[in-house]
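So the chains spell out like this:
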Amino acid sequence: VLEAQHFAPLAGKHVGLITNATGRASDGQRTIDLLAHAPNVKLTAIFSPEHGIETAAADGAKVDSSRDAATGLPVYSLYGDTQRPTAQMLEGIDALVFDIQDVGARFYTYITTMAYCLEAAGKKGIDFYVLDRPNPINGAEVDGPMLDPDLRSFTAYFPMPIRHGMTVGELAEMFNRENHLNAKLHVIKMQGWQRTDWFDETGQPWINPSPNLRNL
């Protein structure tokens, strides 16, 4: 959708991209490469969550920062020495873009990484864009117990059921509003997605969102 808009929402911005191997367009191109070559957009840094930029590291394994071979850009790990973007990492950035496939479960760390980056964006006054993606186990069914408020952690950012039935864009809106993060949030909404759709009904190619999740 962003590509179809000729990247107009990001025009003139210096962008930091939070992504991994699932951050691809429908034709398979990496979001990294699309933004690196987008007109009037300056991609300056990449941020990776748990499992790293290639989504290959084992569960819980610390991931070091690195450099993207294709673009030469720094890849800052948010699952290594820090779980939050530092002021140094955000230097010169006026927009953060989040493009990662979530799995629909409360305890997945990608949505906490998104929330921590939202918090940082709110504090620095920079724009935050979510490239929305389908909830692979549909957005109509909600299931499981609520999180006890005193058990918040990196694997449990917000009190909600285990199966939350929301997209990453909807989660970002909820986190931003309910936790008063004051981020300048923009959700690039999907086209054609129905809440009752399971992932195999979307026509999108399956890319393992983590090493242990190999199919729907």
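A brief look at the structure comes next.

Definitions and cut-offs
- Residues numbered from 1 in each chain as written.
- Predicted model: local features only at pLDDT ≥ 70, side-chain atom pairs only at ≥ 80, totals over all residues.
- Heavy atoms only, no water.
- Helix = DSSP H or I, 4+ residues; strand = E, 2+ residues; numbered from the N terminus.
- Rg over C-alpha atoms; globule rule 2.2 N^0.38 Å.
- Buried < 20%, exposed > 50% of the residue type's maximum accessible area, 1.4 Å probe, protein only.
- Contact = heavy atoms within 4.5 Å.
- Polar contact = N/O pair within 3.5 Å; in protein donor to acceptor, adjacent residues only side chain to side chain.
- Salt bridge = Lys/Arg side-chain N within 4 Å of Asp/Glu carboxyl O.
- Expected span 1.5 Å × (residues − 1).
- Pairing = 2+ DSSP bridges.
- Right-handed = clockwise from strand over helix to strand, strands pointing away.

Glancing now at the overall build of the chain. Of regular secondary structure, the chain possesses three helices and nine strands. When the helices and strands of the chain are listed from N to C terminus, the series reads β-α-β-β-β-β-α-β-β-β-α-β. Taken over the C-alpha trace, the chain has a radius of gyration of 16 Å; the compact-globule value for 216 residues is 17 Å, and the two agree within 12%. C-alpha extents for the chain along the principal axes are approximately 45 × 40 × 35 Å. Counting only residues that meet the buried cut, the chain has 53% of its 216 residues in that class.

Turning next to the environment of Asp-127. Here Asp-127 is to be found in strand β6 (residues 127-131). You can call Asp-127 buried: its relative accessible area is 11%. Considering only alpha carbons, one finds Asp-127 and Ala-95, 32 residues apart in sequence, at a separation of 4.6 Å. For Asp-127, the residues in contact, after removing those within four places along its chain, are Lys-13, Asp-94, Ala-95, Leu-96, Lys-184 and His-186. A polar atom in the side chain of Asp-127 sits 2.7 Å from the side chain of His-186.

Per the stated rule, a full pass over the model turns up ten salt bridges. Put simply, Lys-13 and Asp-127 hold a salt bridge, and the shortest N to O gap is 3.3 Å. Of the two residues, Lys-13 sits in the segment before β1 (14-19) while Asp-127 sits in strand β6, which places them 114 residues apart along the sequence. Each member of the pair, Lys-13 as well as Asp-127, carries the same accessibility label: buried.

Further remarks concern helix α2 (residues 109-124). In a regular helix each residue adds 1.5 Å, so 16 residues correspond to 22 Å; α2 covers 23 Å between its end C-alpha atoms and thus fits that length. Most of α2 sits out of view: 14 of its 16 residues are buried. In the stretch just after α2, Gly-125 is the one whose phi turns positive, near 75°.

Relative to the elements of secondary structure, Thr-55 occurs in the loop between β2 (42-48) and β3 (66-67). We classify Thr-55 as buried; its relative accessible area is 8%. In contact with Thr-55, other than residues within four places in its own chain, are Asn-20, Ala-21, Thr-22, Tyr-110, Asn-208, Pro-209, Ser-210 and Pro-211.

Below, the discussion takes up helix α3 (residues 168-178). Where α3 is concerned, the buried positions are Val-168, Gly-169, Leu-171, Ala-172, Met-174, Phe-175 and Asn-176. Among the structural elements, β5 (95-99), α2, β6 and β9 (184-188) are those in contact with the buried residues of α3. Following α3 by one or two positions, His-180 has its phi on the positive side, about 55°.

Let us look at the pairing of β1. Of all six residues in β1, five are buried, a share of seventy percent or more. With five bridges connecting them, β1 and β2 associate as parallel partners. Residue pairing across strands places Val-15 opposite Leu-43, the latter belonging to β2. Traced from β1 through helix α1 (residues 31-36) to β2, the parallel crossover comes out right-handed. Sheet topology note: the β1/β5 ladder contains five bridges and is parallel. Bridge pairing in β5 links Val-15 to Ala-95.

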